[in-house]
Structure formats: C-alpha cells, structure tokens
Amino acid sequence: MFILDVQGLQFKDSDFVCKEIAILNKATGQLYHHFINLPIPSKWLNENFRRQVQWNTQNLHGLDWDSFNFSFLPLENITNFIQEIVQNNTVFVKGFNKKVWLCNLINNHIVDMDSLGCPNFKKLKTVLFPNSLHCNTHSINNLFCTRENVFLLNNWFVNKID
Ligand SMILES: [Zn+2]
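Conventions and cut-offs
- Going along each chain's sequence as written, the residues are numbered from 1 onward.
- Local features are withheld for residues below a pLDDT of 70 in this predicted model, meaning they are given only at 70 or higher, and side-chain atom pairs are given and counted only at 80 or more; totals for whole chains, interfaces and linings count all residues.
- By definition, two strands form a pair when at least two bridges between them are found by DSSP.
- Counting from the N terminus, the helices are DSSP H or I runs at least four residues long and the strands are E runs at least two residues long.
- It is the C-beta atoms, placed from the backbone, that decide contacts: two residues are in contact if theirs lie within 7 Å.
- Simply put, an axis is a line fit to the C-alpha atoms, just over the touching stretch for a helix, and the angle between two N-to-C directions goes from 0 to 180 degrees.
- Relative orientations are named as follows: roughly parallel for angles under 35 degrees, roughly antiparallel for angles over 145 degrees, roughly perpendicular for angles from 65 to 115 degrees, and oblique for any other angle.
- Any residue that is not Ala, Val, Leu, Ile, Met, Phe, Trp, Tyr, Cys, Pro, Asp, Glu, Lys or Arg is counted as polar, Gly included; the first ten are nonpolar and the last four charged.
- By convention the nonpolar core is taken to be a set of buried residues drawn from Ala, Val, Leu, Ile, Met, Phe, Trp, Tyr and Cys and joined through C-beta atoms within 7 Å.
- Counting other C-beta atoms within 10 Å of each residue's C-beta, where C-beta atoms are placed from the backbone, gives the exposure class: buried for 20 or more, exposed for 12 or fewer, partly exposed between.
- One fewer than the residue count of a helix, multiplied by 1.5 Å, yields its expected span.

To continue, consider the sheet that holds strand E4 (residues 73-74). With respect to topology, six strands assemble into an open sheet ordered E4-E3-E2-E1-E5-E6, the strand pairing being mixed. Because the sheet does not close on itself, it has two edges, and the strands there are E4 and strand E6 (110-112). For strand E3 (residues 31-37) and E4, the ladder comprises two bridges, and the chain directions are parallel. Paired with Asn37 across the bridge in E4 is Pro74. Helix H3 (residues 96-103) rests against strand E1 (2-9), strand E5 (91-93) and E6 of the sheet, and its axis sits at about 170 degrees to E6. Its contacts with the sheet place helix H5 (residues 146-159) against E1, strand E2 (17-25), E3 and E5, and it is angled at close to 40 degrees to E2.

In structure tokens:
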C-alpha cells in the first residue's frame, strides 16, 4: 500500500493543479517525490486566479507556480507517474478533496485517512512528530511539503496515536 500527498492549487471550480507530489511505499519505505512543470505561466492566468496562486504560495506551501526545471515532471505525465508506482494497490491520502482528485486519475481503492481518525497536519507536525523533515525547495519552510506529509502520515500509521 501507498501513501500519497499533493500540494498545489484549486481556484473556484477549476481542476486542482498539482505542483508537488510525494508517494511513499509503506512496505519498502521507498519515496517518490517530484515537482511539476505547469503548462502555462502565471502571467497568463486571470487576475483573481493569479491572486489565489500568490496567496497559496505565501500561506500554504511556499511553492512558486512559475518554477521550472528539466528534472520536474510535466503536468500531463502525472497520471502515468502515479499509476506506474502504485500499480493496482490501495492508496491512502488525507483529505476529501485529494481523494476526489486522485479518483479522477486512477481506478485504485483510495482511502481518505480522515475517515480513520488521523489528526490534522498541524497537530501531526507540531505536537506528535516535531522532528519531521521538510524538503528544501519551498520558499517558506514552515508550510506544507508533500515529502514531509507522507512521512508524517506514515508515522501516524506506525504509532496509531491521536
Ligand atoms: Zn516539499
């Protein structure tokens, strides 16, 4: 089974736009972690959308919409990337919206960890597992990081504490 987390942006009824993804294989401990190249620059977005992008960057994840690198994954490859890793196994995510997003990409059994009583990320990070490791690509390092999140969720599974 796998634990998956994504960070990105949703604006009103737009599709969720993924900028960072991490998948942890619970059995082997292997981590798959990628940033995403988005197909259009933020300057092409309408003003309200762009303002929401900036708000998310400053308050949720510290990831720049326009950051581009050849080592990043193109957005259109994300379904194949996920499917090759998880195959037909069960995938755990935290949060209803992330579950809905993933259900639209793959046909696997997907479990929302909120339904298992998993506490929120703030509690996981500040109270239960304060020494978790954030990756260093975020401009603000106390915000959400998918790499950190999948390890936080795995820690909770292993210890089953709330
Ligand atoms: Zn990160």
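So much for the structure itself; the text now carries on.
Now for the pairing of E3. Two strands pair when backbone bridges link them, and E2 and E3 are joined in this way by five bridges, in the antiparallel orientation. Residue pairing for E3: Ile23 is matched across the bridge by Tyr32. Turn length for the E2-E3 hairpin, with the two strands adjacent in sequence and antiparallel, is five residues, and the turn residue Gly29 shows positive phi of about 80 degrees.

The next thing to look at is the packing of helix H4 (residues 121-128) against H5. Taken N-terminus to C-terminus, the directions of H4 and H5 make an angle of 75 degrees; their axes are 10 Å apart at the nearest point. Taken together, H4 and H5 sit at an angle that is classed as roughly perpendicular. Of the residues in H5, those in contact with Phe121, Leu124 and Lys125 of H4 are Asn149, Leu152 and Trp156. The residue inventory of the contact of H4 with H5, partitioned by class, reads four nonpolar, one polar and one charged.

Let us now look at the nonpolar core. Core analysis: the largest hydrophobic core is formed by 30 residues, its most contacted members being Phe2, Ile3, Leu4, Ile23, Leu24, Val91 and Leu153. Secondary structure elements with two or more residues in this core: E1, E2, E3, helix H2 (78-86), E5 and H5. Considering every element that reaches this core, the biggest residue donor is E2, with six residues. Apart from the residues within four sequence positions on either side, Ile3 is in contact with Leu24, Lys26, Phe92, Val150, Leu153 and Asn154.

This part takes up helix H1 (residues 47-61). With 15 residues, H1 extends 20 Å between its outermost C-alpha atoms, agreeing within 8% with the 21 Å of an ideal straight helix rising 1.5 Å per residue. Among the residues of H1, Val53, Asn56, Thr57 and His61 are the ones counted as buried. Against the buried residues of H1 lie E1 and E2. Within two residues after H1, Gly62 carries a phi angle of roughly 65 degrees, on the positive side.

For the rest of this paragraph, the subject is the environment of Phe72. Topologically, Phe72 is positioned in the loop between H1 and E4. In the structure, Phe72 is positioned 72 residues away from Phe144 in sequence and 19 Å away in space, judged by C-alpha atoms. Those residues in contact with Phe72 that sit more than four places away from it in its chain are His34, Phe35, Ile36 and Asn37.

Let us now look at unusual backbone geometry. Positive phi, normally seen in glycine, also occurs at Lys12, with a value near 50 degrees. Locating Lys12 in the fold gives a position in the loop between E1 and E2. Judged by local crowding, Lys12 falls into the exposed class, with 7 C-beta atoms found within 10 Å. Even without being a glycine, Gln87 presents a positive backbone phi close to 50 degrees. By secondary structure assignment, the location of Gln87 is in the loop between H2 and E5.

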